[in-house]
Amino acid sequence: MKKRIIFIIAIPLLVCLIWYLQRERTYTSNFFALDTSIELKINTTSDGNKILQKCEARIRELENILSATVENSDVWQLNKNAGNGQSIPVHAETIYVLETAANVSKLTDGAFDITVGNLVDAWGFRTDNPSVPSESEIESAINLINYKDVFVDEENSAAKLIYPNQKIDLGGIAKGFIADETVSLLKSENINSALINLGGNTYAVGKRIDGKEWTVGIQSPIESNSIIGKLKLTDKAAVTSGDYQRYFEENGIRYHHILNPHTGYPAESGLHSVTIVTENSTLADAFSTACFVMGTKKSLPILNSAGIDAVFYDTDGKITATDNLKSTFETN
Ligand code: AMP
Ligand code: MG
């Protein structure tokens, strides 16, 4: 009898213990990389901390390949050897980013152009003391911009810049690509529920732990702790480019970091921000920069034919969302 009672109590306790140990748990990680704050959140029954460590290592590895400022990175090598005629061996990841960048440049008539490196340097956006460059500095930087001068040899995994002093800057696309790569790594670790945020490049993997869609707020460009609306996302990236993200003021005028390759000045297309929503985060990142340069009217037909969604926030406060987002985007 006694044995039976112990058995009756022990079995449910054991079941509860097994359930407790095997339940899905949330793991988070926050660190600084890619010149921004990174936040990763995953839901899993496995060792989440170990998976997050792998993600961090992969993010840093990709930064060391794609950053223009990391010595010996692929991009550093390409810039250093610009114009010397020799193709430089680069990683497959670099080839993919260069090819995706070229496609977006073509589709946007050069509004997106990774050869803006000298122009970004002239404005000093990577330094602590950005300032308005002289007309002649802008002109010589613009003369070196042309996405068609990035020669990619996919077969031999090599690339080169055609003219001396040309300079690539992947600031407008690399974070999106690294988000895609992080998602691939998570999927290979059987993670089906995650939210990653690489400084505004967000990716929602699967659904939340409660089975609902992830909710991602679109930051207000005017008030720092406020949002203009919310997106409900599953297996999609949401990438925002905005005039509030990096800027400086000189003589009372505000200059932001998204440059119009045709004028050499910060883009003035009547936008405060644009958020791109699509499965491929590399494309989302490149298009967010491009659409910011082009403005709402010019961007919409290009996005429509590419099947990509977006939310535009104009400087007059008007919000425009593409039709597909009508059910998933809620304004505040
Ligand atoms: P994002 O925040 O994704 O719009 O990227 C902005 C960053 O991309 C800048 O800080 C520059 O490094 C780079 N960039 C600026 N203007 C352009 C442009 N027109 N095309 C490509 N990259 C750009
Ligand atoms: Mg971008």
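Computed from a prediction, not measured in an experiment: that's the story for all the values here.

Visitor: Tell me about the overall build of the protein chain, residues and numbers included.
Guide: Each helix and strand in the protein chain was counted, giving 9 helices and 16 strands. By principal-axis analysis of the C-alpha atoms, the protein chain measures approximately 95 × 45 × 40 Å. In the protein chain, buried positions account for 48% of the 332 residues. Residue pairs at least 24 apart in sequence account for 61% of intrachain contacts in the protein chain once pairs closer than 6 positions are excluded.

Visitor: Would you mind going over the sheet that holds strand 8 (residues 214-219) in detail, with residue names and values included?
Guide: Here we have 3 strands laid out as an open sheet, ordered 8-9-16, and antiparallel in their pairing. Looking at the sheet topology across the chains shown, the edges are occupied by strand 8 and strand 16 (329-331). For this sheet, the mean inter-axis angle between neighbouring strands, taken without regard to orientation, is 25°. Bridge analysis of strand 9 (residues 227-233) against strand 16 gives 3 bridges, and the strand direction is antiparallel. Within the sheet, the bridge partner assigned to lysine 230 lies in strand 16 and is glutamate 330.

Visitor: So what's going on with the coordination of the magnesium ion (ligand 2)? Residues and values would help.
Guide: Reference values for coordination geometry: four tetrahedral donors around a metal ideally subtend 109.5 degrees, six octahedral donors ideally subtend 90 or 180 degrees. Ligation of the magnesium ion (ligand 2) by protein atoms is provided by Gly172 (O), Asp285 (O), Asp285 (OD) and Thr289 (OG1), these donors lying 2.0 to 2.5 Å from the ion. The sequence motif formed by the donor residues of the magnesium ion (ligand 2) is G-x112-D-x3-T. One end of the pair is aspartate 285 and the other is threonine 289, both in helix 8 (residues 281-294) and 4 residues apart, which spans about a single turn.

Visitor: Describe unusual backbone geometry, listing the residues and the values that go with them.
Guide: Unlike most non-glycine residues, aspartate 35 shows phi in positive territory, near 65°. Summarising the element assignment, aspartate 35 is placed in the loop between strand 1 (25-33) and strand 2 (36-44). Its relative accessible area of 49% is what places aspartate 35 among the partly exposed residues. Located in the positive-phi region is asparagine 190, a residue other than glycine, with phi close to 60°. Along the chain, asparagine 190 falls in the loop between helix 7 (174-188) and strand 6 (193-198).

Calculation notes
- Residues numbered from 1 in each chain as written.
- Chains lettered and ligands numbered in written order.
- Predicted model: local features only at pLDDT ≥ 70, side-chain atom pairs only at ≥ 80, totals over all residues.
- Heavy atoms only, no water.
- Helix = DSSP H or I, 4+ residues; strand = E, 2+ residues; numbered from the N terminus.
- Buried < 20%, exposed > 50% of the residue type's maximum accessible area, 1.4 Å probe, protein only.
- Contact = heavy atoms within 4.5 Å.
- Pairing = 2+ DSSP bridges.
- Axes fitted to C-alpha atoms, helices over the stretch in contact; angles between N-to-C directions.
- Donors = N, O, S within 2.8 Å, 3.2 Å for Na, K, Ca; no water.

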